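Residues per chain, in single letters:
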Amino acid sequence: FFRLPFSMMLGLNEASMTEVRTGLKAVATLEAFKGLMSLLVGFGLHALAGQNLRKLAEEIVTNAHLNPASHFPSIFITVASSIPDSKMSLLAIGALVYALVRLIEAYGLWHGLVWVEWFALVSGAIYLPFEIYEIIFHISLVGFSIFLINILVVWYMAYVLFSKKKAESCPI
């Protein structure tokens, strides 16, 4: 249920149905990738909980052939040593919940569930003000690229949903 049969209800031709499905599957693939990356982060954070993070940070800096006394490596070591285990566990749980949401979204988009299409539109649009802020005050190529990808996803989801609305309101 929650699935719109495109060809019967909307009167869309086969070519536009294929385009919509292909686009939704592309967005689903992106969401699945984000979910899998978050899953890896969550498991990584869980594995690090209870570890001596200062020692681990020092080993990372040493293995990268960096001077632990220089500015950025020392900040990294200080921050890593100041994270309590309870925060690591909360971060791990948060990452795992985020991963679950992204993987459910990917599944729903892949299978054309309409409520997930609305969820994808809203959840993508929620990030836009934060991404705009980052671009204005902390411009970077990565931040700008993420913003562009998110704009494309939000635009595409709006296009799909409002095209369906328009097709539903037009007599067949």
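First, a word on scope: everything that follows refers to the structure included in this document. What you see is a predicted model, and the numbers here were worked out from it, not measured in a lab.

### Focus on the pattern of salt bridges
Item 1. Scanning the model with the defined rule gives four salt bridges in all.
Item 2. Two residues, glutamate 31 and lysine 34, come together in a salt bridge whose shortest N-O distance is 3.2 Å. Here glutamate 31 and its partner lysine 34 are both found in helix α2 (residues 14-48), three residues apart, which amounts to about one turn of the helix.
Item 3. Of the charged contacts, one joins arginine 102 and glutamate 105 as a salt bridge, the two residues approaching to 2.2 Å between their closest N and O atoms.

### A closer look at helix α4 (residues 71-81)
Item 1. Regarding α4, the residues found buried are Pro73, Ile77 and Ala80. Take α4 and look down its axis: the buried residues cluster within an arc of 70°, on one side only. For α4, exposure combined with an orientation more than 90 degrees from the buried face picks out His71 and Phe72.
Item 2. Where α4 is buried, its residues contact α3 (53-63).

### Here we look at the nonpolar core
Item 1. Within the largest apolar cluster, 19 residues are counted, with the highest numbers of intra-cluster contacts made by Val20, Leu24, Val27, Leu109, Leu121, Tyr156 and Met157.
Item 2. Only α2, α6 (114-137) and α7 (141-169) provide two or more residues apiece to this core.
Item 3. When residues in this core are grouped by element, the largest group, seven residues, is from α7.
Item 4. The next biggest cluster of nonpolar side chains, apart from the first, holds eight residues, and it includes Leu45, Leu53, Val61 and Ile77.

### Quick notes on α3
One turn of the α-helix equals 3.6 residues, which is why residues spaced by three or four share an orientation.
Item 1. Burial in α3 covers these residues: Leu53, Ala57 and Val61. Mapping the buried residues of α3 onto a view down its axis gives an arc of 75°, with all of them on the same face.
Item 2. Regarding α3, its N-cap is asparagine 52, as a side-chain oxygen of that residue lies 3.3 Å from the backbone nitrogen of arginine 54 further along.
Item 3. Just beyond α3, the residue with positive phi is histidine 65, at close to 60°.

### Examining the layout of surface pockets
Item 1. As a volume, the largest pocket reaches approximately 230 Å³.
Item 2. Every residue along the wall of the largest pocket is listed here: Leu30, Glu31, Phe33, Lys34, Tyr98, Tyr127, Glu131, Ile146, Ile149, Asn150 and Val153.

Analysis parameters
- Residues numbered from 1 in each chain as written.
- Predicted model: local features only at pLDDT ≥ 70, side-chain atom pairs only at ≥ 80, totals over all residues.
- Heavy atoms only, no water.
- Salt bridge = Lys/Arg side-chain N within 4 Å of Asp/Glu carboxyl O.
- Helix = DSSP H or I, 4+ residues; strand = E, 2+ residues; numbered from the N terminus.
- Buried < 20%, exposed > 50% of the residue type's maximum accessible area, 1.4 Å probe, protein only.
- Arc of directions from axis to C-beta.
- Contact = heavy atoms within 4.5 Å.
- Core = buried A, V, L, I, M, F, W, Y, C linked by side-chain atoms within 4.5 Å.
- Polar contact = N/O pair within 3.5 Å; in protein donor to acceptor, adjacent residues only side chain to side chain.
- 1 Å grid on protein atoms, 1.4 Å probe; cavity = no way out; pocket = protein on both sides within 12 Å on 5 of 7 lines; lining within 4 Å.
- Points joined across faces, edges and corners; volume = space filled by probe spheres on them.

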